[in-house]
Amino acid sequence: MAPGGSIIALAVMLQSITGQLMGPPEAHSHFASRQGDLILLAQHLGTLHRLAQVCPQTREGDLYRERMKQVIEGESPPRFTREAMIGAFNRGFRNASAEYYSCSRRAQQRLKNESFDALNVTERLYAPLRLRGQ
């Protein structure tokens with residue numbers, strides 16, 4: 001299964017689990033979507049962690065691993081989501097490790113693309129909080 005497909009499957013599973021809870025259906029949908037985005041962000045961070053090792057731009061070492069820890073700490077996700085996030089981070093790292101051995105142009109481009117994709121997911125996660133602050 002493609003990485004994106006497995007994340008969607010996890011989000012659907014989360015939605016079915018949350019469907020057993022009380023509350024409006026749109027709240028369940030939002031919850032499942034948010035949990036799916038957290039898992040997707042974790043996978044991007046794992047990929048970025050490996051690519052930053054291959055193509056060190058700075059001397060920040062474990063920047064993306066630390067960001068992952070901060071996301072988990074700040075979000076305090078349910079156990080299932082937390083475990084899925086850790087698995088996604090590790091999967092992103094392993095997949096990038098198998099594909100990129102040196103800092104080639106392709107690796108540098110992937111680093112840029114992953115950074116952009118992670119930023120888009122972060123913006124989606126942050127959007128509801130931004131609306132509340134207005």
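Residues numbered from 1 in each chain as written. Predicted model: local features only at pLDDT ≥ 70, side-chain atom pairs only at ≥ 80, totals over all residues. Heavy atoms only, no water.

J.: Would you explain helix α4 (residues 79-99) in this entry?
T.: Side chains three or four residues apart in an α-helix point the same way, a direct result of the helix having 3.6 residues per turn. The end-to-end C-alpha separation of α4 is 30 Å, in line with the 30 Å expected for 21 residues at 1.5 Å each. Along α4, the residues that are buried comprise Thr-81, Ala-84, Met-85, Ala-88, Phe-89, Gly-92 and Ala-96. Along the axis of α4, the buried positions cluster into a sector of 140°, meaning they face one direction only. Summarising the geometry of α4, the exposed residues directed more than 90 degrees from the buried face are Arg-79, Arg-94 and Ala-98. (Helix = DSSP H or I, 4+ residues; strand = E, 2+ residues; numbered from the N terminus. Expected span 1.5 Å × (residues − 1). Buried < 20%, exposed > 50% of the residue type's maximum accessible area, 1.4 Å probe, protein only. Arc of directions from axis to C-beta.)

J.: Just to check I follow, could you spell out the packing of helix α3 (residues 63-75) against α4 for this structure?
T.: The description of two packed helices rests on the angle between their axes and on the distance between the axes. Two numbers describe how α3 lies on α4: the axes approach to 11 Å, and their chain directions differ by 170°. It follows that α3 is roughly antiparallel to α4 by the angle criterion. Residues Tyr-64, Arg-65, Met-68, Val-71 and Ile-72 of α3 form the contact with α4, whose participating residues are Arg-82, Met-85, Ile-86 and Phe-89. Of the residues that constitute the contact of α3 with α4, the class distribution is 7 nonpolar, no polar and 2 charged. (Axes fitted to C-alpha atoms, helices over the stretch in contact; angles between N-to-C directions. Parallel < 35°, antiparallel > 145°, perpendicular 65-115°, else oblique. Contact = heavy atoms within 4.5 Å. Nonpolar A, V, L, I, M, F, W, Y, C, P; charged D, E, K, R; others polar.)

J.: Is there a simple way to explain unusual backbone geometry in this structure?
T.: Note: most residues except glycine have negative phi, and most peptide bonds are trans. For Ser-76, which is not glycine, the phi dihedral falls at a positive 45°. Among the secondary structure elements, Ser-76 is positioned in the loop between α3 and α4. Residue Ser-76 is classed as exposed on the basis of its relative accessible area of 57%.

J.: What is the right way to read the state of the cysteines from this model?
T.: Two cysteines whose sulfur atoms are joined by a covalent bond form what is called a disulfide. In total, this model carries 1 disulfide according to the counting rule given. In this model Cys-55 forms its disulfide with Cys-103; the gap between the sulfur atoms is 2.1 Å. An S-S torsion of about 115° defines the bridge between Cys-55 and Cys-103 as right-handed. Taken together, the positions of Cys-55 in the loop between α2 (25-54) and α3 and Cys-103 in the loop between α4 and α5 (105-132) put the pair 48 residues apart, joining distant regions of the chain. Judged by its relative accessible area of 34%, Cys-103 falls in the partly exposed class. (Disulfide = S-S within 2.5 Å.)

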